[in-house]
Amino acid sequence: MDLLNGRGPVLFVGHGSPMNAIGDNRARTGWRAMGEQLGRPKAIVALSAHWATRGRCVRTAADNPQINDMYGFPAALYEVRYEPAGDPVVAERVIEALAPDVKARNDWGIDHGAWSVLCNMYPAADVPVVMLSTDLAAAPDAHFDVGRRLAALREEGVMIVCSGNVVHNLRMVNWRMRDGFDWAQTFDDAVRERVLAGDYQPLVDFEELPDAHLAIPTTEHYLPLLTALGAATPDDEPTCFNDYCELGSMSMTSFLFR
Ligand code: ZN
């Protein structure tokens, strides 16, 4: 199915370890299936936790140089090449939607938060990608509002992919654990329940959720979820995929709104 004339879906994708991009793992299987299920959109606006800025930035160039912003992993990971085209026209639409709270910036490319997921969803790199940053200076409700303002682009066949993690505590990662610590699962459950119920305000006020201080010691991986929620509309049916925790303190839980 091709979405060229359809409404673009919204995804929040848990990316987790960069190693999920390659080899045999559950996340990758889920990403591939999602790409096949959704078909090719006209373009993707990709919001990455790893392009963290002060003020909201969008890449407007016609290309996306790959950024390997991860260190100390096996050589095979650095051999992945994924450089889809940019889309200056869609980037301009993003600027229109977010003005005056956005600026064009072309000193960043497609980082692993975006490419680890997209190289599995669209392995041919044949869908243009417009990179959008995570504004660490903005309040949580402003992240939600960015999604709300981007929702109009969905009507033009643009898919919105927000890449982060619901639970992301690097200091507590345990590489031997296949699942999550109890607190990670508790927090992940609390988030999933509210997303699927369309009960978004408690997720914007996430500090009140159980074990939020452990699940979100820094906010950059969580905030992309709020942008995805903002871009969802009441007629979307939210569904969950890659629904699990791993490495103790990481949740891969992902959502599709369409
Ligand atoms: Zn990350």
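Because the structure is predicted, anything quoted here is derived from the model rather than measured.

This paragraph deals with the coordination of the zinc ion. Taken together, His15 (NE2), His50 (NE2) and His221 (NE2) make up the protein donors of the zinc ion, found 1.9 to 2.1 Å from the metal. If you list the donors of the zinc ion from N- to C-terminus, the spacing comes out as H-x34-H-x170-H. Remark: histidine 221 occurs in the loop between helix H8 (212-215) and helix H9 (223-231) and histidine 50 occurs in strand E2 (residues 43-53); sequence separation between them is 171 residues. The exposure class of histidine 221 is buried, given its relative accessible area of 3%.

Okay, the side chain of aspartate 135 next. Mapping aspartate 135 onto the fold places it in strand E5 (residues 129-135). The buried charged residue aspartate 135 lacks any salt bridge partner; its closest oppositely charged side chain belongs to arginine 56, at an N-O distance of 5.0 Å. At 2.8 Å, the side chain of aspartate 135 and the backbone nitrogen of glycine 55 are in polar contact. Beyond its immediate stretch of four places on either side in the chain, aspartate 135 contacts Thr53, Arg54, Gly55, Arg56 and His143.

With that settled, consider H9. Of all nine residues making up H9, nine are buried, and the element is well covered by its neighbours. Listed in full, the buried residues belonging to H9 are Leu223, Pro224, Leu225, Leu226, Thr227, Ala228, Leu229, Gly230 and Ala231.

Residues of strand E10 (residues 254-257) alternate between two faces, with Ser254 and Leu256 on one and Phe255 and Phe257 on the opposite face, all of them buried. Strand direction decides the pairing type here: strand E7 (residues 238-241) and E10, joined by four bridges, are antiparallel. Paired with threonine 239 across the strands is leucine 256, a residue of E10.

Glancing now at helix H4 (residues 112-121). In terms of residue burial, H4 counts as a mostly covered element, since 10 of its 10 residues are buried. Buried residues of H4: His112, Gly113, Ala114, Trp115, Ser116, Val117, Leu118, Cys119, Asn120 and Met121, and no others. Contacts made by the buried residues of H4 are with strand E1 (10-14), helix H1 (26-38), E2, helix H2 (75-78), E5 and strand E6 (158-164). Put simply, aspartate 111 is the residue that caps the front of H4, since its side-chain oxygen is 2.9 Å from the backbone nitrogen of glycine 113.

Pairing between side chains of opposite charge can happen when the charged atoms of each approach one another. Enumeration according to the criterion identifies 14 salt bridges in this entry. Here arginine 7 makes a salt bridge to glutamate 155, at a shortest N to O gap of 2.8 Å. Note that arginine 7 is positioned in the segment before E1 and glutamate 155 in the loop between helix H5 (140-154) and E6, a separation of 148 residues in sequence. A residue is classified by how much of its surface remains accessible, and arginine 7, at 28% relative accessible area, is partly exposed. Accessibility expressed as a relative area gives 52% for glutamate 155, which makes it exposed. Members of the salt-bridge network, linked through shared partners, are Arg7, Arg154, Glu155 and Asp236.

A few words on the pairing of E6. With seven of seven residues buried, E6 lies mostly within the body of the structure. Side chains of E6 alternate between two faces, with Val158, Ile160, Cys162 and Gly164 and Met159, Val161 and Ser163 buried alike. In this sheet, E6 lies alongside E1 in parallel orientation, the contact comprising five bridges. What sits directly across from valine 13, in E6, is serine 163. Bridging between E2 and E6 involves six bridges; their strand directions are parallel. If you follow leucine 47 over to E6, its bridge partner there is cysteine 162.

Running from N to C, H5 and H9 point in directions that differ by 45°, and their axes come no closer than 6 Å. Accordingly, the angle class assigned to the pair H5 and H9 is oblique. Of the two elements, H5 crosses H9, and the hand of that crossing is right-handed. Across from Pro140, His143, Phe144, Val146, Gly147, Arg148, Ala151 and Arg154 in H5, the residues of H9 making contact are Leu223, Leu226, Thr227, Leu229, Gly230 and Ala231. Among the residues forming the contact of H5 with H9, the class breakdown is eight nonpolar, four polar and two charged.

Conventions we followed
Residues numbered from 1 in each chain as written. Predicted model: local features only at pLDDT ≥ 70, side-chain atom pairs only at ≥ 80, totals over all residues. Heavy atoms only, no water. Donors = N, O, S within 2.8 Å, 3.2 Å for Na, K, Ca; no water. Helix = DSSP H or I, 4+ residues; strand = E, 2+ residues; numbered from the N terminus. Buried < 20%, exposed > 50% of the residue type's maximum accessible area, 1.4 Å probe, protein only. Lys, Arg positive; Asp, Glu negative; His and termini not counted. Salt bridge = Lys/Arg side-chain N within 4 Å of Asp/Glu carboxyl O. Polar contact = N/O pair within 3.5 Å; in protein donor to acceptor, adjacent residues only side chain to side chain. Contact = heavy atoms within 4.5 Å. Pairing = 2+ DSSP bridges. Axes fitted to C-alpha atoms, helices over the stretch in contact; angles between N-to-C directions. Parallel < 35°, antiparallel > 145°, perpendicular 65-115°, else oblique. Left-handed = near helix turned anticlockwise from the far one by under 90°. Nonpolar A, V, L, I, M, F, W, Y, C, P; charged D, E, K, R; others polar.

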